[in-house]
Amino acid sequence: MRFFGLLTTPLAAVVVALIFSLSTPTFAVIHEENDHDGMRYVGSKKFTEGDKRREEDTAQFLSDSDNDEIKEFIVKFKDKEMYKGFCDEQYSKNSGIESMNVVQSIPLVDAEVISFGSRSEAMTWAESRDDVAYIEENSKIYTTAEEIPYGITMVEAFEIGDYVANSGIKVCIIDTGYDLNHEDLQESNISGGGTCSDNPCHWYEDPGEHGTHVAGTILALGGNGKGVSGVVRSGAMPVHIERALSGSGSGTWGSVLGAVSNCNAAGANVVNMSLGGGFSQILQDAITSLENTNDRILFVAAAGNGGDSSYLYPASIDSPIMMSVACVDSSKARCSFSQYNDQVDIAAPGLYVRSTVPGYGTYGYKSGTSMSSPHVASVAALVWSHSPDKSAFEIRQALEQSAIQPNGSQQGIKNDEFGWGIVNAKKALELLDGGTFTRRPSISPSPTPSPTKSMQPSGPCMPIKI
């Protein structure tokens, strides 16, 4: 007689392989090693050698802690005649155990699902039978669950309700493209363009993978039981995609400026720019021009992954419509690679972020301020959809004044590592609803670019080749 149960082991080893490559998604690879402490074999040890090998290969054990939980078992009979004999026995109510009850018949495999008063009762009954081949727990199974990445929880995106449909608030993503065929990304209410050097440069394809990962944090569909959920999860938000970077993750200020112009023409309110390079006067002029002509557009950009106090652009442009985003991990500590300087406005999760990557049902982990920026951009769009009459400056003020400083940093005081703190959707909307803003002093002017500053920051924050 053999008894099979679930293998209930602790996670003995977790190996996370993180690949900081612009062309390769970063996946967490989990390896479990069987830990047999506290486990025991149950049932007869009179096995054939083949039985023993199968027992070892399947590594099926019963946990002492579960002994009284499962009272239903699948009983496999040795052959059809013995199975029929048991069924006849049941019809005559001659089982010999009062608490025993047949729950389900499975004639395909000569088996019955039987409930007993206890696990030990089931074991005793099965051991006494010559017609039973083996007995197995009728264990529960579950649907594969949709994951809520830790960053979505940290920024409290689900605490204020989803995006308000028909509010008109639109997001533009400037990146390496978008996998329009992904199972967890919206296929409607979306437009796009391409300014990159690839030929063709279709916005609805993403050979670089970075853009699809960024998009998932912003808008991965929620409630569909698949993959992950984004900050905005209903699929109702209008989105414009601009593919300004090639599959290798590089571009030019010309391609980025073309994308900025297209985002503005498309009526975007929030523009995410998980990219960066050295100072560009023409980019500065473009942002200044929009600042003076459009009070309904807000740019959110990655602060950079150099791990030092240097400036990355466009994030470090001094403008009321440009926000620089630093990175924090799941414990709200600064990511070691996150750049820190007086241009950092706000912080958001960016370490080991799980999101969509190209491929119908494909997901991966990435790290970088490139992953932090879309958390802020999507929170901005989410809260703005609840108060669509506000200006870009008011949205920025709400995000900054409601941000939460991590432990050790003084609340309400801006610093170089976190800016005003970690973005928080719930508190930002509460502040918007209150309608009271304290105008803070303008940020320090952008410094004159120095020849010693890095033009090519490393890591997933995509460089601009100039």
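Located above this text is the structure these notes cover.
It should be emphasised that the depicted structure is a prediction, and the values quoted were computed from it without experimental measurement.

## Things to note about the sheet that holds strand β13 (residues 298-302)
Across the sheet, seven strands lie side by side as β9-β10-β8-β11-β13-β14-β15; this open sheet has parallel pairing. Across the chains shown, the open sheet's two edge strands, defined by having one partner strand only, are β9 (190-194) and β15 (346-349). Each adjacent strand pair in this sheet contributes to an overall mean axis angle of 25°, direction not counted. For strand β8 (residues 171-175) and strand β11 (residues 270-273), the ladder comprises four bridges, and the chain directions are parallel. Each bridged residue has a counterpart across the sheet, and for Cys172 the counterpart in β11 is Val271. Contacts between helix α8 (residues 369-386) and the sheet are confined to β8, β11, β13, β14 (322-328) and β15, with β13 contributing the most and set at about 160° to the helix. Helix α9 (residues 392-402) rests against β13, β14 and β15 of the sheet, and its axis sits at about 25° to β14.

## A closer look at the environment of Met323
Its location among the elements puts Met323 in strand β14. In the structure, Met323 is positioned 21 residues away from Ala302 in sequence and 8.5 Å away in space, judged by C-alpha atoms.

## What about the state of the cysteines?
Applying the stated rule across the entire model yields three disulfides. The residue that forms a disulfide with Cys172 is Cys263, at a sulfur-sulfur distance of 1.9 Å. In this structure, the disulfide formed by Cys172 and Cys263 twists by about -45° around the S-S bond and is classed as left-handed. One end of the pair, Cys172, is in strand β8; the other, Cys263, is in helix α6 (residues 253-265), with 91 residues separating them in the sequence. Judged by relative accessible area, Cys263 falls into the buried class, the value being 0%. What pairs with Cys196 in a disulfide is Cys201, and their sulfur atoms sit 2.0 Å apart.

## Some details on the pattern of salt bridges
Summed over the entire model, instances satisfying the criterion amount to 10 salt bridges. The partner of Arg119 in a salt bridge is Glu137, and the shortest N-O contact between them spans 2.8 Å. A residue pair is termed long-range when its members are at least 10 positions apart, and Arg119 in helix α3 (residues 119-127) and Glu137 in strand β7 (residues 132-137) qualify at 18 residues. Of the two residues examined, Arg119 and Glu137, each falls in the buried class. Through salt bridges with shared partners, a single ionic network connects Asp345, Arg396 and Glu400.

## Points about the nonpolar core
Core analysis: the biggest nonpolar cluster contains 49 residues, and Val383 and Leu399 have the highest contact counts within it. Of all the elements, α8 adds the most residues to this core, at nine residues. Those residues in contact with Val383, other than ones at most four positions away along the chain, are Ile160, Leu399, Ala425, Ala428, Leu429 and Leu432. Residues Cys263, Ala268, Leu283 and Ile297 belong to the second largest nonpolar core, which totals 26 residues.

## Re α3
Buried residues of α3: Arg119, Ala122, Trp125 and Ala126, and no others. Viewed along the axis of α3, the buried residues span an arc of 125°, placing them on a single side of the element.

## A few points about the packing of α6 against helix α7 (residues 281-293)
For the pair α6 and α7, interaxial distance at closest approach is 10 Å and the crossing angle is 10°. Classified by the angle between their axes, α6 and α7 sit roughly parallel to one another. Together, Trp253, Leu257, Val260 and Asn264 of α6 and Ile282, Leu283, Ala286 and Leu290 of α7 make up the contact between the two elements. A per-class count over the contact of α6 with α7 returns seven nonpolar, one polar and no charged.

So, how was this worked out
Residues numbered from 1 in each chain as written. Predicted model: local features only at pLDDT ≥ 70, side-chain atom pairs only at ≥ 80, totals over all residues. Heavy atoms only, no water. Pairing = 2+ DSSP bridges. Helix = DSSP H or I, 4+ residues; strand = E, 2+ residues; numbered from the N terminus. Axes fitted to C-alpha atoms, helices over the stretch in contact; angles between N-to-C directions. Contact = heavy atoms within 4.5 Å. Disulfide = S-S within 2.5 Å. Buried < 20%, exposed > 50% of the residue type's maximum accessible area, 1.4 Å probe, protein only. Salt bridge = Lys/Arg side-chain N within 4 Å of Asp/Glu carboxyl O. Core = buried A, V, L, I, M, F, W, Y, C linked by side-chain atoms within 4.5 Å. Arc of directions from axis to C-beta. Parallel < 35°, antiparallel > 145°, perpendicular 65-115°, else oblique. Nonpolar A, V, L, I, M, F, W, Y, C, P; charged D, E, K, R; others polar.

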